[in-house]
Amino acid sequence: MTKTLIQNALVIDGTGTAPKEGQVVVVEDNKVAYVGPSENYEKQGDEQVVDAKGGTVLPGLIDTHVHMMMEYSPLSQRLTTPFSYMYYQAQEYLNNTVQAGVTTVRDALGTDLGVKQAVDNGLITGPRLQISVNALTITGGHGDGTQLNGDVIDILPSGHRGMPDGRCDGVAEVRKKTREMLRAGADVIKVHATGGVLSPTDHPEFTQFSLEELEAIVEEANFRKGVKVMAHAQGAEGIKNAVKAGIHSIEHGIFIDDEAADLMVENGTYLVPTLLAPVSVLETADEKGMPQSAVDKTEEVIEQHKISFKRAYDKGVKIAMGTDAGVMKHGTNLRELALMRDAGMDAMDTIVSTTKTAAECLGWNEQLGTLEEGKLADLVITNVNPVEDLDALANNDNVQYVMKDGKVEKNQL
């Protein structure tokens, strides 16, 4: 049995309670054994002591919307990169994510079962993965890589072994496609309920899939021991259809109106806002060769995105942190927290959304999300109090220690 004692720390336990001084955290093997006042813990003498040096201990951070198999790149680069090369690139993306203090992610499209198993089995370093494999989309909708000239240029390759093509139309096809994703190892089903920014032939406000199709997808997912459905949903009508169909989380939510927010509260639907995504599109448009259509649509919606986020927050919608990492560089995930604060969220609430609420959204809250006895030993130590300085989290050097499942993945103390 291995035992680690973290001392000289400020503790933020992820529940939303105020930071606590004079605390210690004790880990035995891969579980949290004690969190509390240092004077109430009697040292056994066999602990490996970690001095947090006055830093802050938090639960391992969770990003509920990433794409681990990609970082957006110019078209010329994608066309000249061999297929298998993306798997080796992903090892760097996965490691960069852990180095940022993100120990668990939900992949929203593009990561297959083999990558998840490679992380689980210790072949490569990465965050704990919940995968959707590929997203369901309509012909001509967000996720259909068919360009205006008729060529098909997907951001990520699909239709290969382990990665079923996601295009489907009609109730019968969406049922079958949902079953294909589950067969391929999906932990969660991803559906595109509206158009999007990066797709060439639609708009974020365009509605995709009928209510009946969305209901069929949710029904099929629920047949498999309650598998949840996450929906890329940006336009108000598509958001409302997704919520009415029983979809578990709304991704992006750019055009949430009062009716949509009220429906989400009534149904317990999560919002995963990804405020960093449009910011990153505008920041890297020239470098990454973003299509002009994507830039134009981003400029059109970026302020509305913040307004909708604040509306949802004020209404009491459950908000889980997500970034759309892959649109931007992996490892920059924690920029999202300051963006949420700047859009009107309380600083502590941004941390809860990245820990406790994110774990609840993934259905893993019994094991993750808070520093509590008996939970898995996922934790990070920062050299700042993030409640007072969320902006500092954008610099990975301020995340000095990362433990995932009891294993130290980073130690710069």
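Data block above holds the structure.
Calculation notes
Residues numbered from 1 in each chain as written. Predicted model: local features only at pLDDT ≥ 70, side-chain atom pairs only at ≥ 80, totals over all residues. Heavy atoms only, no water. Helix = DSSP H or I, 4+ residues; strand = E, 2+ residues; numbered from the N terminus. Rg over C-alpha atoms; globule rule 2.2 N^0.38 Å. Buried < 20%, exposed > 50% of the residue type's maximum accessible area, 1.4 Å probe, protein only. Contact = heavy atoms within 4.5 Å. Areas by Shrake-Rupley, 256 points an atom, 1.4 Å probe, with all protein chains shown as cover. Lys, Arg positive; Asp, Glu negative; His and termini not counted. Charge placed at Lys NZ, Arg CZ, Asp CG, Glu CD. Pairing = 2+ DSSP bridges. Axes fitted to C-alpha atoms, helices over the stretch in contact; angles between N-to-C directions. Salt bridge = Lys/Arg side-chain N within 4 Å of Asp/Glu carboxyl O. Polar contact = N/O pair within 3.5 Å; in protein donor to acceptor, adjacent residues only side chain to side chain. Parallel < 35°, antiparallel > 145°, perpendicular 65-115°, else oblique. Nonpolar A, V, L, I, M, F, W, Y, C, P; charged D, E, K, R; others polar.

## Some details on the overall build of the protein chain
Here comes step 1: Counting secondary structure elements, the protein chain contains 12 helices and 17 strands.
Here comes step 2: A globule of 413 residues ought to have a C-alpha radius of gyration of about 22 Å, and the protein chain, at 21 Å, matches this closely.
Here comes step 3: Principal-axis analysis of the C-alpha atoms places the extent of the protein chain at approximately 70 × 45 × 45 Å.
Here comes step 4: Buried positions account for 58% of the 413 residues belonging to the protein chain.
Here comes step 5: A separation of at least 24 residues holds for 69% of the contacts in the protein chain among residues at least 6 apart in sequence.
Here comes step 6: Accessible surface, the protein chain as shown: approximately 16300 Å² in total, 46% of it carbon and sulfur.
Here comes step 7: Taking the average place of the 37 positive charges on the side chains of the protein chain and the average place of its 61 negative ones, the gap between the two points comes to 4 Å.

## Digging into the pairing of strand β1 (residues 3-11)
Here comes step 1: Judged by how many residues are buried, β1 sits mostly within the fold: seven of nine residues are covered.
Here comes step 2: Looking at chain direction, β1 and strand β2 (residues 20-28) are connected through six bridges and run antiparallel. Bridge pairing links Lys-3 to Glu-28 in β2.
Here comes step 3: Taken together, the four bridges between β1 and strand β4 (residues 48-51) define a ladder with parallel strand orientation. Considered in β4, the bridge of Thr-4 is made with Gln-48.

## Some thoughts on unusual backbone geometry
Here comes step 1: Phi angles above zero are rare outside glycine, and Lys-53 is one such case at about 55°.
Here comes step 2: Of note in this structure, Val-133 is not a glycine but carries a positive phi near 65°.
Here comes step 3: Within the element layout of this structure, Val-133 appears in the loop between β8 (128-131) and β9 (135-136).

## Here we look at the environment of Glu-220
Here comes step 1: By the secondary structure assignment, Glu-220 is in helix α5 (residues 211-223).
Here comes step 2: The spatial distance from the C-alpha of Glu-220 to the C-alpha of Arg-179 is 7.2 Å, given a sequence separation of 41 residues.
Here comes step 3: If we ignore the near neighbours within four places in the chain, the residues touching Glu-220 are Arg-175, Thr-178, Arg-179 and Leu-182.

## Let's talk about the sheet that holds β8
Here comes step 1: A sheet is described by the order of its strands in space; here three strands give the open sequence β6-β7-β8, paired in parallel fashion. Whereas interior strands pair on both sides, the edge strands pair on one side only; in this sheet they are β6 (61-66) and β8. Neighbouring strand axes in the sheet, compared pairwise and without regard to direction, differ in orientation by 15° on average.
Here comes step 2: Bridge count for β6 against strand β7 (residues 102-107) is four bridges, and the pairing is parallel. Opposite Val-66, over in β7, you have Asp-107 as the bridge partner.

## Looking at the pattern of salt bridges
Here comes step 1: Tallied over the full model, the rule gives 24 salt bridges.
Here comes step 2: Its salt-bridge partner being Lys-177, residue Glu-180 comes within 3.0 Å of it at the nearest N-O pair. Here Lys-177 and Glu-180 lie together in helix α4 (residues 171-183), a separation of three residues that amounts to about one turn. Grouping residues by exposure puts Glu-180 and Lys-177 together as buried.
Here comes step 3: Asp-258 serves as the salt-bridge partner of Lys-315, at 4.0 Å between the closest nitrogen and oxygen. Within this pair, whereas Lys-315 is found in helix α9 (residues 292-315), its partner Asp-258 is found in helix α7 (residues 258-267), the two being separated by 57 residues in sequence.
Here comes step 4: The partly exposed category is assigned to Lys-315, whose relative accessible area is 34%.
Here comes step 5: Judged by its relative accessible area of 41%, Asp-258 is partly exposed.
Here comes step 6: Through salt bridges with shared partners, a single ionic network connects Arg-175, Arg-179, Glu-219 and Glu-220.

## Topic: helix α11 (residues 347-354)
Each full turn of the α-helix corresponds to 3.6 residues, which orients residues three or four apart in the same direction.
Here comes step 1: Counting buried positions along α11 yields seven of eight residues, so the element is predominantly enclosed.
Here comes step 2: For α11, the set of buried residues is Ala-347, Met-348, Thr-350, Ile-351, Val-352, Ser-353 and Thr-354.
Here comes step 3: Structurally, α11 contributes buried residues whose contacts are with β5 (56-59), β6, β14 (318-319), α10 (335-342) and α12 (356-362).
Here comes step 4: The opening residue of α11, the one whose side-chain oxygen lies 3.0 Å from the backbone nitrogen of Met-348, is Asp-346.

## Let's talk about the packing of helix α8 (residues 276-288) against α10
Here comes step 1: With their axes 10 Å apart at the nearest point, α8 and α10 run at an angle of 110° to one another. On the basis of the axis angle, α8 is roughly perpendicular to α10. Between α8, through Leu-276, Val-279 and Glu-283, and α10, the contact on the second element is made entirely by Arg-335, Glu-336 and Leu-339.
Here comes step 2: Class assignment of the residues belonging to the contact of α8 with α10 gives a composition of three nonpolar, no polar and three charged.

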